[in-house]
Amino acid sequence: MGENLTRRIIREHLVSGNMAPGEEISLKIDQTLTQDATGTMAYLEFESMGVERVRTELSVSYIDHSCLQVGFKNADDHRFLQTVAAKYGILCSRPGNGICHQVHMERFGVPGKTLLGSDSHTPHNGALGMLAMGAGGLDIALAMGGQPFRVKMPKVVNVRLTGKLKPYVASKDIILELLRRFTVKGGVGKVFEYSGPGVETLTVPQRATICNMGAELGLTTSVFPSDEQTRHFLKAQGREECYKELKTGGDYAYDEVVEIDLSQLEPLVAQPHMPDRVVPVAQLEDLKVDQVWIGSCTNGNYHDIVQAAKILKGKHVSPNVSFSMSIASRQIMHMLSEEGWLNDIIDAGCRILELTCGPCGGAGQSPCSGAVSVRTNNRNFEGRSGTKDAKVYLVSPETAAMTALKGTLATAKEASELLADYQEPERYHIDDSMILAPAADGSCVEVIKGPNIKGLPEFHALPDTVQGEVLIKLEDNISTDHIIPALPEIVTFRSNIPAISEYVFSGIDSDFVKRCKEKQGGFVLAGKNYGQGSSREHAALAPKYLGIKAVIAVSFARIHSQNLANFGIMPLEFKEASDYERIDQGDQLEISGLDQALDMHRVILKNLSKKESYELVHHLSDYQIRSIKAGSVLRLAAERASNEKE
Ligand code: MIC
Ligand code: SF4
């Protein structure tokens, strides 16, 4: 049996390592993407590396997350991003051009290439048969500097699709079904590779919804084959020359196989406050709804909005529902406007928002107190909408549109006939004028930084003994939204670590920062899957700034544990998960002999308060151990750069 597609792409890009699941490999990265919220820090890190021009085939900086521009900070960030891109050879997609993952898929994604993005939903481009992975900004900075990306070799799971979706069932329901089956931790250390006759029935944008939300399963990434659907999409984008056939499925070897019969699926909904709390919509059909939001990178594509518009045409939103929409790109907006769909949507009483992430991370459209908000994005963590006691339900655009009309949660079954005849466009509207090319000679470009853009903090080497208090004890599935919320007033400090560190755990424990300062740092204790969700490295950088030495958890999500190691915080796991129960907030802990203990992968944690010890393990590579000992991977990168110069 031959190698599956994931392994073939990995093999073609392998720089070092053994392709055995769980072992660290390093990969050549062909393309990178950043967005503004993570990009400012990524480019400050890139600048600190002293590289004159990016060394990738293509790097794109998207400005799509924080575009409200209340006050000067967002606008200053945008100017910084535009000038830094011009200087170092990076394309810059201006605010208003659309959401990074969608625009990248439309204009740049290429089957068989590797893409690394400072956003956890970068796997979106797996829809084109790319190996597209999310990571922290520092990993993107290193990749732009030409260094390979280090990641654990994943297991590859074949998700075999058969049958065909009913017209009122969406590709969102496929990924919700997978979340129902496998939960938010079920994909850690794995890639889902799709195959089977059902795949042929899904268009590239439908596939993208599935790949995008694979992030919620904790997957390293998701990959679809590159087939006739891919050729059609690339041709419609005027990029047929990028097409290359890449097969998946039965002829290849996989670590596991999962089957879904698409014809059996019904519309599903993820209930508050976790994307895996999935039940059939039919089970909640009388739920009264206060807000509906259609859009985001997950479900803001042409197919999604046209299907929603068909349901809305000639009807009007329920008087009790606040209804808004964020279309994912300017290309799509142009076509919807030209073809009249936009009028149908506006006439139905929908408020059209900017072509940005907007409400997804709480930037506007926060629901009213205690509201039920029905949304088509990918995350419904508590408080993420900006209203702490709102309940966010995640659904497909078809379900959302029907719900907006009815005022109660509803499937689009009665609109089946309208939905059945969808055709992908033969030609998308192509206009790249909002994507700025870099200067041919970067040396004459001045990088402009506003007063809110501060330098990187200093990183000190790890001492051999660390001591301190358990400053917070947390449950399972703590997301990076819990660690550093994405709310607009906080995102404006993404390039100002002293300021953003004031918000660590602000949504769940308003005294945490005060305690950290009084005790001069200490430990964080957590349950399973700590750090799931966003790739924001600030969830490691800010705790580091506050003096957190280690996070001791039952288990970690991939990107966050990588970010912790990058910034010199130890991600340590209990050898016996039950030891988590034995430690309380306020206990005094000590780890000594760290230099050797980390190398031996066996760390003894002393609980000075309870006079007992526990065995800890870690899954760090040798490189990550060096990074932790040095205080940050940046120090290793600087050493490497100076060796290269000598
Ligand atoms: C998200 O969806 O949570 C974000 C906002 O896009 C993040 C990136 C960020 O925090 O800036 C992500 O997915 O990585
Ligand atoms: Fe933007 Fe939301 Fe997509 Fe993140 S998940 S990239 S915030 S639209």
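Whatever comes next refers back to the structure up there.
In this report, the structure presented in the accompanying data block is examined. Just so we're clear, the structure is a prediction, and the values are computed from it rather than from any experiment.

**Looking at the overall build of the chain**
Line of reasoning, step 1. Tallying secondary structure elements over the chain gives 23 helices and 29 strands in all.
Line of reasoning, step 2. Scaling as 2.2 N^0.38, a compact globule of 646 residues should have a C-alpha radius of gyration of about 26 Å, and the chain matches this with 24 Å.
Line of reasoning, step 3. Across its three principal axes, the chain shows a C-alpha extent of roughly 70 × 60 × 55 Å.
Line of reasoning, step 4. Residues counted as buried form 65% of the 646 residues belonging to the chain.
Line of reasoning, step 5. Considering only contacts within the chain whose residues lie at least 6 apart along the sequence, 77% involve residues at least 24 apart.
Line of reasoning, step 6. With the model as given, the accessible surface of the chain reaches about 22,400 Å², and the carbon-plus-sulfur share is 48%.

**Re the site of ligand 1**
Line of reasoning, step 1. Surveying the vicinity of ligand 1 reveals 13 residues, the closest of which are Asp-119, Ser-120, Arg-384, Ser-535 and Arg-536.
Line of reasoning, step 2. Within the contact set of ligand 1, an oxygen atom lies 2.8 Å away from a side-chain nitrogen or oxygen of Arg-384.

**Here's the deal with the environment of Ala-143**
Line of reasoning, step 1. Note that Ala-143 resides in helix 5 (residues 137-144).
Line of reasoning, step 2. The spacing of Ala-143 and Thr-56 is 87 residues in sequence and 7.3 Å in space, taken between C-alpha atoms.
Line of reasoning, step 3. Among all residues touching Ala-143, those that are not within four sequence positions of it are Ile-29, Thr-32, Thr-56 and Leu-116.

**Side note on the pairing of strand 11 (residues 190-195)**
A regular strand places its side chains on the two faces of the sheet in alternate fashion.
Line of reasoning, step 1. The buried fraction of strand 11 is high, at 6 of 6 residues.
Line of reasoning, step 2. Residues Lys-190, Phe-192 and Tyr-194 of strand 11 are buried on one face, and the alternating residues Val-191, Glu-193 and Ser-195, pointing to the opposite face, are buried as well.
Line of reasoning, step 3. Bridge count between strand 10 (residues 155-162) and strand 11: 6 bridges; the pairing is parallel. Its bridge partner being in strand 11, Val-157 is matched across the sheet by Phe-192.
Line of reasoning, step 4. On the question of chirality, the crossover connecting strand 10 to the parallel strand 11 by way of helix 6 (residues 171-182) is right-handed.
Line of reasoning, step 5. As defined by bridge partners, strand 11 adjoins strand 12 (residues 221-223) across 3 bridges and the pair is classed as parallel. Bridging across to strand 12, Val-191 finds its partner in Thr-221.

**Regarding the side chain of Gln-307**
Line of reasoning, step 1. Residue position: Gln-307 is located in helix 10 (residues 302-312).
Line of reasoning, step 2. Classification of Gln-307 by relative accessible area gives buried; the value is 2%.
Line of reasoning, step 3. In contact with Gln-307, not counting residues within four places along its chain, are Glu-398, Leu-419 and Tyr-422.

**Describing the packing of aromatic side chains**
Line of reasoning, step 1. Under the definition given, this model contains 10 aromatic pairs.
Line of reasoning, step 2. A ring pair is formed by Tyr-302 and Tyr-422, whose centres lie 6.4 Å apart and whose planes are at 50°; its orientation type is tilted. Of this pair, Tyr-302 sits in helix 10 while Tyr-422 sits in the loop between helix 14 (416-419) and strand 22 (435-436), and the two are 120 residues apart along the sequence. Comparing Tyr-302 with Tyr-422, the two get one shared label, buried.
Line of reasoning, step 3. The structure contains a cluster of three or more aromatic residues connected by ring pairs, namely Phe-233, Tyr-302, Tyr-422 and Tyr-428.
Line of reasoning, step 4. For Arg-150, the ring lying beneath its charged end belongs to Tyr-623, and the centroid distance is 3.5 Å.
Line of reasoning, step 5. If you follow Lys-473 out to its NZ or CZ, it ends over the ring of Tyr-580, 4.5 Å from the centre.

**Things to note about the sheet that holds strand 14 (residues 256-261)**
Think of a sheet as strands paired side by side through backbone hydrogen bonds, with each pair either parallel or antiparallel.
Line of reasoning, step 1. Read from one edge of the open sheet, 4 strands run 12-11-10-14, paired in parallel fashion. A strand with exactly one partner marks an edge of an open sheet, and here the two such strands are strand 12 and strand 14. The sheet shows a mean angle of 25° between the axes of neighbouring strands, direction not considered.
Line of reasoning, step 2. Here helix 6 sits on the sheet and contacts strand 10, strand 11 and strand 14; the angle it forms with strand 14, its principal contact strand, is near 130°.

Conventions used here
Residues numbered from 1 in each chain as written. Chains lettered and ligands numbered in written order. Predicted model: local features only at pLDDT ≥ 70, side-chain atom pairs only at ≥ 80, totals over all residues. Heavy atoms only, no water. Helix = DSSP H or I, 4+ residues; strand = E, 2+ residues; numbered from the N terminus. Rg over C-alpha atoms; globule rule 2.2 N^0.38 Å. Buried < 20%, exposed > 50% of the residue type's maximum accessible area, 1.4 Å probe, protein only. Contact = heavy atoms within 4.5 Å. Areas by Shrake-Rupley, 256 points an atom, 1.4 Å probe, with all protein chains shown as cover. Near = heavy atom within 4 Å. Polar contact = N/O pair within 3.5 Å; in protein donor to acceptor, adjacent residues only side chain to side chain. Pairing = 2+ DSSP bridges. Right-handed = clockwise from strand over helix to strand, strands pointing away. Phe/Tyr/Trp six-rings, centres within 6.5 Å; stacked < 30°, edge-to-face > 60°. Lys NZ or Arg CZ within 6 Å of the ring centre and 35° of its normal. Axes fitted to C-alpha atoms, helices over the stretch in contact; angles between N-to-C directions.

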